[in-house]
Structure formats: structure tokens, C-alpha cells
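# Summary of structural features
Spelled out, the chains give:
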Amino acid sequence: MKLKGSQILLKALQEENVDTIFGYPGGKVLDLFDELYQSDIRHILVRHEQGAAHAADAYARASGQVGVCLVTSGPGATNTVTGIANAFMDSIPIVVLTGQVQSYLIGSDAFQEADITGITRPCTKHNFMIRQIEDIGQTVKDAFHIARSGRPGPVLIDLPVDIIQMEIEEGELPVVTMPVEKSYVPSVTQCQEALALLARAQKPIIFAGGGVVIGKASQELRQFVKKVNIPVTSSLMGLGAFPASDPLWLGMLGMHGTYYANMAISNCDVMLAIGVRFDDRVTSKVDAFAPYARIIHIDIDPVTIDKIIQSHLSIVGDCKPTLKIFNDLMDSGRYDIPAQQTADWLKRVDAWKKEVPLGYCKGEKIKPQWVIETLYRLTEGKAIITTEVGQNQMWAAQFYGFDEPNTFITSGGLGTMGFGLPAAIGAQVAYPDRLVVDIAGDGSIQMNIQELATAVTSKLPVKILILNNSYLGMVRQWQELFYGKRYSHTNLPSYPDFVKLAEAYGATGLRTDKPEEMEAMLLKGLNTPGVVVMDFLVEPEEGVYPMVKPGASLDDMLLK
Amino acid sequence: MTKVKEKTVSILVNNKPDVLARIAGVFSLRSFNIESISANITKDPRMTKIILTTRGNQVNLDKIEKQINNLVDIVQVNDLTKIPSVRREMLLIRLKVSKENQKRVSQTIEKLEGKVLSKEGGSWIVEITGDADDIVNIIDQFEKFGMDDFTRTGTIALEQIHP
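Rules of the game
Residues numbered from 1 in each chain as written. Chains lettered and ligands numbered in written order. Predicted model: local features only at pLDDT ≥ 70, side-chain atom pairs only at ≥ 80, totals over all residues. Helix = DSSP H or I, 4+ residues; strand = E, 2+ residues; numbered from the N terminus. Buried ≥ 20, exposed ≤ 12 C-beta atoms within 10 Å, placed from the backbone. Contact = placed C-beta atoms within 7 Å. Pairing = 2+ DSSP bridges. Axes fitted to C-alpha atoms, helices over the stretch in contact; angles between N-to-C directions. Left-handed = near helix turned anticlockwise from the far one by under 90°. Nonpolar A, V, L, I, M, F, W, Y, C, P; charged D, E, K, R; others polar. Domains from an automatic or database assignment. Parallel < 35°, antiparallel > 145°, perpendicular 65-115°, else oblique. Core = buried A, V, L, I, M, F, W, Y, C linked by C-beta atoms within 7 Å.

### Overview of the overall build of chain A
- The number of helices and strands found in chain A is 22 helices and 22 strands.
- Residues classed as buried in chain A amount to 55% of the 560 residues present.
- Of the contacts formed within chain A by residues at least 6 apart in sequence, a portion of 76% connects residues at least 24 apart.

In C-alpha cells:
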């Protein structure tokens, strides 16, 4: 039997258990879409290819599976680049399938030709161009393996249309070989050394990052913390790895971290850093980061070790098996940390918590932090939260207590405005029965607002909560603090009318500027079936605090 | 203290069309110049060996080495600055040779164990090998004889014993 390239590709995807693709058709992928027409694979038709990449990314974050998107050549492919870079920065496994002009036309400036493998080389973990029909099966196998193995990341496969249209006898297809699984289990000796160092600590801290979430090591981390009784902080990407409701939780550290997390980091004597890459939003001034600490750094990617922060002891390993070994070793009793050894430290950490808790002042207008606190209470902390980027994102990180991993879906490394709405769509596809809320600002929501149509037509009942301050709030805050309140081009007039816009897309739109109506409207919005846009007109010049000034040390915070 | 030093690395890669671009990308991202590069097939035709020299502080060079190691089509990276190895490069020189200087030129070539490859219209092409420092000295010497142009292969290297 003869098989077309497009058939081989779809079969290969199904062998990788792909059941959903986020995509947008076009001239060079017509054959693939023709196959999809009769396929079991669900296709979510986005309204812009950037949305497809973000939705696939969030689908991966929520489900732990590889996200897949499919777009056409040229502009279709280049429109995914922001989404690919976003997944790359946050180590998210996605496979991006791009159409390409006929292989014999490549390099001739053909219509809708773009050198997408060249363009995405620095922002993919790896990419491929398929040059012959026989390579399709192996390439798909390898792409998924690369995307999900080790430190995950995006992989792009460029598909020249003539290869996809070509036919081959099924019997002539080469056998697909399984890629070699590399082991990411560290040696027990390394783990023993780490625990021995930790056991001597008087002021220990655990700093958990996105690697714990991506590495599905959250349970192991919780078990470990129970055994060692050490306070835990995390990066933005690590939120949910450790329950926010736990008394040992310090909140997020870094530029907008809590006072107590930043003070604890700045005074600790041993730091166990797990699945982190010491981003500059975490470390701020590198020389002054954790100045008294001996740092144990665990990460699956050897490149992150000693890249920014010199570790005293490092373990290249997957967080999950590493923490499993830690837990087994702790059970031997040889690495116990005597309670009296850390008692003063735990008291001091608690004192910092009481000294400057996270907070805000109530005012005559709706406070954005209050909306998120109320959302947390009404949803009992059980919603999947996606965010846009800026103040809305930081307030979500600070005021929604994440107890479970994979429930906070945010653009950490790249800081991509416009991520939240397509991300909510991807998360809702992964979890059709869960409440998914996009915490948005009035600026970034407009960067992918067209995806409202996707959510409505694909019956994905996401709730969009806009903290509308008529500003590009975070940039405005920097202008307020560092540019003498010269609000250059950050003032957004109150257009569009988000309620009318929601209605135009077939969604429900709600708005209030009255504090006394806030909770009732939020409750109504969350309980309204279908896609809902809630437009909260909030205090326009509210800032995100604490804030570590760029270049300052972490214990040097603006608190108000 | 970190010092600016030359580093020679031997990179064994899968013989794929874009692997060189990926390696170059790691260098350019960190603002490193590749001083010389040579690539050729190996005993196993599915693989290419790239010998690359660069200059920079050791800490950054080590980071680059780790990043290259992370690329998918990389089989092995060896830092030849840390392993006993023989490093050579080849130089081709084109000289104008006249009756007056012919004898001295020939003596110099002989002394340097060079080889004259062509003699066309008073222009000689001479082949000489040496390590990178030798090559610089040799170019200086031939400058005096009215050297017209030269080209260098860049360093190639091989570990003294199987790594």
C-alpha cells in the first residue's frame, strides 16, 4: 500500500500519543490538514499562529505531555517564533510543525518562504528540516524524544510540501529506531555529600524552581521538606512545587519576592537550590546574592551549573530521582538536622514574616491585589491560573496561593505579553473540567485578544479577569520610580470597551469599578457558563511591592 | 585570575548540514570569535571532526564547551588545551622570486622544510607546516622576500594518545 508523506506524519504523531494539535492552515500544509479532516486528532483552530504556540506550550505545562502545533510556511512559521522562544526560556516541551515550500524551491525566495530552521536555531532545543519521505517517521520520533528528555524544550520540524505530498510503498519505509534514553540519576555519593553539608547548616533554605514542576518532583520535595523542616522559597516558575498553605512556605523570592524570602536568602548559610537556573530576576545583584551561603545546586542541565552562581557542591541530575535518593538517605537517620541547631533560624524567619507580610492598603478604588485574594478565596485555590505579563502576573504570583504544581502557568523567562489567553485555552484543553482563569492586564490581553474567538468557538469556557488600570502598569511603575513619573507612552486610553468586545466575540462581558460590587461580579463571572471577560477597573497607579531595585541586593527592597 | 588564552577544541559531530551553524551560534551568542576552524570526515563517514581554536577567558570557554556538549548532534568535545596533543597548521605562501633573491629564498624554504608547489611566471607557491607560533614567524620571514599573499589552514590537532 502506498502512503503519502502527510499520512506517515500523522501516524507518527499518533504513535507519540498526540491527541490534540493547535494550528492554523495555509497553502503549504493543505495536505496535512486534509489528513486531519478524517483523523481522531483534535485540532484547535487558533486565530493567530502565536496563539497556537502559546496554547501548545500551556497544554504541555498543564498536562505534562508534549504540546504540538501545526502552521503553514513563511508568516505562519515566523508567527510562532515568540511562542517558541517562550517555551525555550521556560524549558517547555513542544513540537512545532511548520510547512515549507517545495524542497527544490528552498533558497529561491519563493512565495511564503522563510528560513524557519535558521530563524529558530537559537530558540529551539533542536530543529529539523525533513529532506526525504523516508526520514519522516524517525524525525518525529527523535523530535518528541528531544523535546521531553533531559531539560525539555521546543523542537521544530520543517516540512517541505513536496515531501509531504510524495508517496512511498509502506514496505519501503525504514524501521524507526528508539532513541537512547540517557540516565539523569546522580550518584548516591554526591547526594550523601549534599545532605552532609545540609545537616551542618544552622540557617538552611530550600530554593525550588521550575525544574521541580517540570520534573514532576513536587511530591518528593514535600516529603523531603517534612524530613528536614527547612523553609522553602521558589522562583516564579517553581510556584506550586511546594504548597503555599504550608507554614514553611516563604513565598517567591527575587525582584518582587516577599520580604521574608529575600531576607532569608540573604542570610542563609546553606542553600539547597533544586531545578533552578538563577535568573537575574531571582538573583538581582549576583555578587550580593546569598552572600553567606554554601550553595548546593541540583539541575538536570549541566550548562546551568555555575553559569551565574558558583555552587559549592553541584549535582547534575533529574530532580525527581535526586530527591528520591535524598529521601531514602534521610531515612537512614545519618543526616538528621538537630532541631535545636536551626531553632533560632526558624524563629528569625517567622519574625521576618510578621515584620513585613505581603499586603496592600485598601482604598476608594478596587485594589488589584484584593481581586486576586478574593479569586483565591472563591475558588478555594483550586483554579488553574494563567497570566499575562507585568503587574497582573506579579500580583497573581504573590496573592494566589498555589498548593499544587502545574496550576500556575506563566511566561517566566521571556516575559511574553499576550501569553495568558492562549495559555488559558491550552490549559482548558488539557483539563476540560477544571476552572481556568487568565489573570490579565488591559495592555497584554490585547496582544492576543483574537483568541477569544478560539475559546468561544472551541467551547473552552475560560474566564478572563482583566485588572484594568489603563496603563502598561509595570512599565509605568518603573517610570514612576526611576524616570521621575514621566509616563512616556504607557497610558492606555480606555479602549477597547472590553464588555462590548467580549460580546462581539460571543462571550459574556462584565465590568465594574465599584469595590462593593467586586466580589459579586467575580462570583457571577466565575459561575457564568462559557467564556467570560471580567473587566475590573482598578486603582490606576497601584504598584507591585516589595520591589528590589534593578542592580540592588535582594535585602535592599522598596516596601511601598 | 582568569586569563585570555587560546583554546583548541576537537568536536566530533554527526555529519549533518547545519551542525556547523549550531556550533558557530553558541560562540556568536557569547560574543566569542572563532579564530580558526577546520572540519573533515573521520574514519566513520557519518561523523565529522571539527578542530576549532578560539580565545577568551577560561571560565567563559568552559561554559561554551558545556553548551556545545548540549547540542543534539554533538558526539564528543575534547579540550585539546587540557590533553597532550600535537597541533599543526599549514601555510601556503605566494612569493615573487627574482634572479637576485632566488638562492636565499630556496635556502630559507629548505631550512623550514617547506615545499615549492608551483613556479609560474616568477611566482612561487610554497607549502610549510608548523605550529601557530611558527607560522607567524615564517610569515614574517617571507615578508622580506616580497611575499605576495598567503593562506593558512588554521590549527588541526590530534591527541597524543587515544583520549
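Right, picking up where we left off after that structure.
### Points about the overall build of chain B
- The secondary structure content of chain B amounts to four helices and nine strands.
- Secondary structure elements in chain B, listed N-terminal to C-terminal, are β-α-β-β-α-β-β-α-β-β-α-β-β.
- By its C-alpha atoms, chain B is 55 × 40 × 30 Å across when sized along the principal axes.
- Relative to its full complement of 163 residues, chain B shows a buried share of 22%.
- Sequence separation of 24 or more characterises 75% of the internal contacts of chain B that already satisfy a separation of 6 or more.

### What to know about the sheet that holds strand β19 (residues 508-512) of chain A
Residues and elements named next belong to chain A.
- Read across the sheet, six strands follow the order β16-β15-β17-β18-β20-β19 without closing on themselves; strand pairing throughout is parallel. One side of each edge strand has no neighbouring strand; the edge strands of this open sheet are β16 (408-409) and β19.
- Pairing of strand β15 (residues 384-387) with β16, which is carried by two bridges, proceeds in the parallel orientation. Residue I385 lies in a different strand from β16, and its bridge partner there is F408.
- Of the strands in this sheet, β15, β16, β17 (436-441) and β18 (463-468) touch helix α18 (residues 420-430), which is tilted by about 175° from β17.

### Some words on the packing of helix α9 (residues 188-199) of chain A against helix α14 (residues 319-331) of chain A
Residue and element names in this part refer to chain A.
- The N-to-C vectors of α9 and α14 enclose an angle of 65°; their axes lie 10 Å apart at closest approach. Relative to α14, α9 is oriented so that their crossing is right-handed. Touching V188, C191, Q192 and L195 of α9 are T322, I325, F326 and L329, all from α14.
- Residues that form the contact of α9 with α14 fall into these classes: six nonpolar, two polar and no charged.

### Brief notes about the pairing of strand β9 (residues 204-208) of chain A
All names here are of chain A.
- With five of five residues buried, β9 is to be regarded as a mostly interior element.
- A two-sided burial pattern is seen for β9, the buried positions comprising P204, I206 and A208 on one face and I205 and F207 on the other.
- Bridge count for β9 against strand β12 (residues 270-274) is five bridges, and the pairing is parallel. Bridged to A208 within β12 is I274.
- Pairing geometry for β9 and strand β10 (residues 232-234), over three bridges, is parallel. Bridging across to β10, I206 finds its partner in V232.

### Describing the interface of chain A and chain B
- Chain A puts eight residues into the contact, and the matching count from chain B is 10 residues.
- Looking at side-chain class alone, the side of chain A that touches chain B contains four nonpolar, two polar and two charged residues.

### Some thoughts on the domain arrangement of chain B
Residue and element names in this part refer to chain B.
- Examined at the domain level, chain B breaks down into domain 1 (4-82) and domain 2 (87-159).
- One C-alpha centre belongs to domain 1, the other to domain 2, and the line joining them spans 29 Å.
- Contacts between the two partners involve nine residues from domain 1 and, on the opposite side, seven residues from domain 2.
- When contributions to the side of domain 1 that touches domain 2 are tallied by element, the ones reaching two or more residues are β1 (4-14), β2 (34-41) and β3 (47-57).
- For the side of domain 1 that touches domain 2, the leading source of residues is β2, giving three residues.
- Looking at the side of domain 1 that touches domain 2 residue by residue, the class counts come to three nonpolar, six polar and no charged.

### A word on the packing of helix α1 (residues 19-29) of chain B against helix α2 (residues 58-70) of chain B
All names here are of chain B.
- Look at α1 against α2: their axes get within 10 Å of each other, and the N-to-C directions meet at 150°. When the axes of α1 and α2 are compared, the pair comes out roughly antiparallel. Our pair here, α1 against α2, has a crossing hand that is right-handed. Contact residues: I23, V26 and F27 in α1; I64, Q67 and I68 in α2.
- Class assignment of the residues belonging to the contact of α1 with α2 gives a composition of five nonpolar, one polar and no charged.

### Considerations on the pairing of strand β13 (residues 294-299) of chain A
Residues and elements named next belong to chain A.
- In terms of burial, β13 is a largely internal element, five of the six residues being buried.
- Bridging between β12 and β13 involves five bridges; their strand directions are parallel. Its bridge partner lying in β13, A273 is registered against H297.
- In this structure, β13 lies alongside strand β14 (residues 313-316), joined through four bridges in parallel fashion. The partner of D299 across the bridge, within β14, is V316.

### Section: the nonpolar core
- Formed by 179 residues in total, the largest nonpolar core has its most connected members in A:C69, A:I94, A:V95 and A:M271.
- For this core, the element with the most residues is helix α3 (residues 49-63) of chain A, which contributes eight residues.
- Once you skip the residues sitting within four places of it in the chain, A:C69 turns out to touch A:I21, A:F22, A:G23, A:A52, A:A53, A:A56, A:T80, A:I94 and A:V96.
- Residues B:V13, B:L52, B:L80 and B:A157 belong to the second largest nonpolar core, which totals 13 residues.

### Observations concerning the domain arrangement of chain A
All names here are of chain A.
- Segmenting chain A into domains produces domain 1 (2-172), domain 2 (188-355) and domain 3 (368-541).
- Listed per partner, the contact involves 25 residues of domain 1 and 25 residues of domain 3.
- Put simply, the parts of the chain that give the side of domain 1 that touches domain 3 at least two residues each are β2 (20-23), β3 (42-45), α3 and α5 (81-89).
- It is α3 that contributes the most residues to the side of domain 1 that touches domain 3, 11 residues altogether.

### Notes on the sheet that holds strand β4 (residues 67-71) of chain A
All names here are of chain A.
- Spatially, the six strands line up as an open sheet ordered β3-β2-β4-β5-β7-β6, and their pairing is parallel. Looking along the sheet, the strands with just one partner apiece sit at the ends: β3 and β6 (126-129). With strand direction ignored, the average angle separating the axes of adjacent strands in the sheet is 20°.
- By the bridge criterion, four bridges tie β2 to β3 in an arrangement that is parallel.

### Looking at unusual backbone geometry
Residues and elements named next belong to chain A.
- With an omega dihedral of -5°, the bond running from Y495 to P496 counts as a cis peptide bond.
- Looking at the element boundaries, P496 is found in the loop between α20 (473-482) and α21 (498-504).
- Cis geometry is adopted by the peptide bond preceding P546, which originates at Y545 and carries an omega value of 0°.
- Along the polypeptide, P546 turns up in the loop between β20 (532-537) and β21 (547-548).
- One non-glycine residue, F278, adopts positive backbone phi at about 55°.
- Its identity is not glycine, yet S470 carries a phi of approximately 55°, on the positive side.
- With respect to the helices and strands, S470 occurs in the loop between β18 and α20.

### Side note on the environment of A:V371
Residues and elements named next belong to chain A.
- Mapped onto the fold, V371 is located in helix α16 (residues 368-378).
- V371 gets classed as buried once you count the C-beta atoms within 10 Å, which come to 25.
- For the pair V371 and L467, spaced 96 residues apart in the sequence, the C-alpha separation amounts to 8.3 Å.
- Excluding anything up to four places from it in sequence, V371 contacts I366, L465, L467, M518, L522, F536 and V538.

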